[in-house]
Amino acid sequence: MEKIFLLCIEDQREVLNAVVEDLAIFEEAFPIEECESVAEAITVIEDIYDAGLHLAVVISDHVMPDKNGIDFLVELHQDERFRNTKKLLLTGLATHADTINAINNAAVDRYIAKPWDKEKLQGYVRKLLTEYILESGIDYQPYLKWMDQETLYQKLRKY
Amino acid sequence: MMDQEESNHTLWLRKRFFSDPNRCLDLKTGDKLLQPGQYNERLFMVVEGLLVGSIENEEGRPYEIFRSGPGKIVGAYSFFADAHRSYSTVIAEEPSRVAYIERSALKMGTPENQDFAEQILPAVVDEIYLRQLQAHQLTIEREEAREQLARMEKLAALGQMAAGLAHELNNAIGVINNNAVWLADRMREYLSEKDSNGMFPFFEIGLESGITLSSAEVRQRSRELESRFQLSANQSKNLAKTGISNENLERFGRNLPQYIERISYYFETGRVLNDMLHASEHAAKVVASVQQLGAATRIQPQPTNLNQTIQGALAIVKNLTKTLQLDLQLGTLPLLSVNPSDWVQVWINLIKNAAEAVVSTRTSKGKITIRSKYEEGQIMIQIQDNGPGIPEELKSRIFQPNVTTKVEGLTFGLGLGLSIVQKIVETYHGTIELESRPGMTVFTVKIPA
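Residue numbers restart at each chain and count upward from 1, following the sequence in its written direction. Labels follow written order: the first chain is A, the first ligand is 1, and so on. Where local features are concerned, this predicted model is filtered to residues with pLDDT of at least 70; where side-chain atom pairs are given and counted, the filter is 80 or more; whole-chain, interface and lining totals use all residues. Calculation of side-chain values draws on the structure's entire complement of heavy atoms; hydrogens and water are dropped beforehand.

*Asks:* If you had to explain the sheet that holds strand S5 (residues 110–113) of chain A to someone new, which residues and values would you point to?
*Replies:* All names here are of chain A. Pairing between strands is defined by DSSP: at least two bridges between the two strands are required. A helix here means a DSSP run of H or I that spans at least four residues, while a strand means a run of E at least two residues long, and both kinds are numbered starting from the N terminus. A sheet is described by the order of its strands in space; here 5 strands give the open sequence S2-S1-S3-S4-S5, paired in parallel fashion. What marks the edges here is a single partner per strand, and that holds for strand S2 (32–35) and S5. Shown here is a sheet whose adjacent strand axes are inclined to one another by a mean of 20 degrees, direction ignored. Bridge count between strand S4 (residues 86–91) and S5: 4 bridges; the pairing is parallel. In the sheet register, Leu90 faces S5, and the bridge partner there is Ile112. Together, strand S1 (4–9), strand S3 (54–61), S4 and S5 form the strand contacts of helix H5 (residues 118–135), whose direction differs from that of S4 by roughly 160 degrees. Every angle, taken between N-to-C directions, lies between 0 and 180 degrees, and every axis is a line fitted to C-alpha atoms, over only the stretch in contact when it is a helix. Contacts are residue-level and defined by heavy atoms, with any inter-residue pair within 4.5 Å sufficient.

*Asks:* Any chance you could break down the confidence of the model for chain B for me, citing the residues and the numbers?
*Replies:* Per-residue confidence from the predictor is reported as pLDDT, which spans 0 to 100. Residues at a pLDDT of 70 or more form 90% of chain B, whose mean pLDDT is 84. Note on residues 405–415 of chain B: pLDDT under 50 across the span, and 28 contacts to partners over four residues away in sequence or across chains.

*Asks:* Describe the pairing of strand S7 (residues 89–92) of chain B, and please don't skip the residues or the numbers.
*Replies:* All names here are of chain B. Looking at chain direction, strand S2 (residues 32–34) and S7 are connected through 2 bridges and run antiparallel. Along S7, the bridge assignment pairs Leu34 with Val90. Sheet analysis places strand S4 (residues 51–56) next to S7, joined by 4 bridges and oriented antiparallel. Following the sheet pairing, Leu51 is matched in S7 by Ala92.

Here you go:
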């Protein structure tokens, strides 16, 4: 099994705890990195890259003191090394201009509003994980338990 | 031309045409010189006192259109127009004396008439100009009043909405908070009964403190635990979050790995309840600050010394500033017609902000300086701190709602505070500016007075 990471960024600790808790079902196979700022996330992401490991999904808060979540995801998207990494924006503040910006830059794969629904969040992450694994050419067999069957079926038909 | 004092020309005119003691009227305060529709063949010049002209709207409410003091011409329209009918009401606002000339006294075609027509023209034009100027000023004032009203209405509507929302949210938060406390008690009872392996204290650590390490510290501690106790990444991370010391872990000896799941289970149960209590407390604070906004919009403006509103704010946030050095440099200020609670709110937010910035640096030399002074028709108040400064990228959107500069923990920071501050300052046609670099952050509020 490859080492494939999920990464969460949220400046409010209680909220970060709650997100990570909802994603605990994936933790057995996908270690979750928890970050309280964009700056911290960037060092963790660089470490993951340097160690030659996978970063499958980044779940980012929107309004944070050091950097706006959308700006961060746009930058991450423009970084060749993390092109395949799936980006999920978790936001309590969905303004029109921000949404357009995110979509135009194709930086956000999913958008989920606070307060979020646990099953919905898990469903999105499951789908994004599946897409990442298939697009990155990783052997998906060991991960079947955590993958989205419908996405898997569609993607496999395409290839 | 706007000068109400008599010019040389009007003095000359008065001497030449308006000096016949038989053509003089003395008016008491409130006496009517002309009224709408009145036939008039006299041209008046005010010698003493003050006349006020007004027109009435359909409901009979008078609107002032001119005020004429000594040297000013009154009745020009009815005197010169074909119908010789006055269109306005002219009343003496104080005991006044007017001199006049009769139309019939002017012989058409005579040199004297020619002379009158030439000399009176500038005075009449001056009169028209003054009336027009007054009309323009009134229009501008009315427009400004309308805008001010619209702003106040918007703010009041926002305040009412906020108050309604705050009430609803308080109920919901109350339920969540009380039930979290109830649940914590039940869990404490249940887990202490069920406990057989000395796990209960981990629940209490979670409930009392939650996660005290930052995510970066958890990552580091996790690595330490991984190598020290030969644990998996997941196990060490879960253990790291509890913040339990090596000494406390040693007692499990080689069996530690098999206990980790239980330790984590107890700790996390407490931690979840701790987060819930913290979050509801946070929500209650946010609601309280929104409620303030709602309450502040209902009071009528009153003459206020802004220095007193600063003192009022300092009294409210005393506990925030007591560990800091406070330097007050309050100058003499004119009274301003404002809603004092608006300004108390402004200073509370700015002082709170400064105090939080200073505290976050953990230096013992934390200092807040508050200055006020009056200069050139403007009151200027500055709140300065020697905190770490506001990051460059945050400066441009610091006054937007939802922007936080919190450094750690559950401080509400600038969230709503500064957007409310800006709204209030703008209501009084004031401005707020920010200047910030490490070691010096100043918010400067300027209000026309």
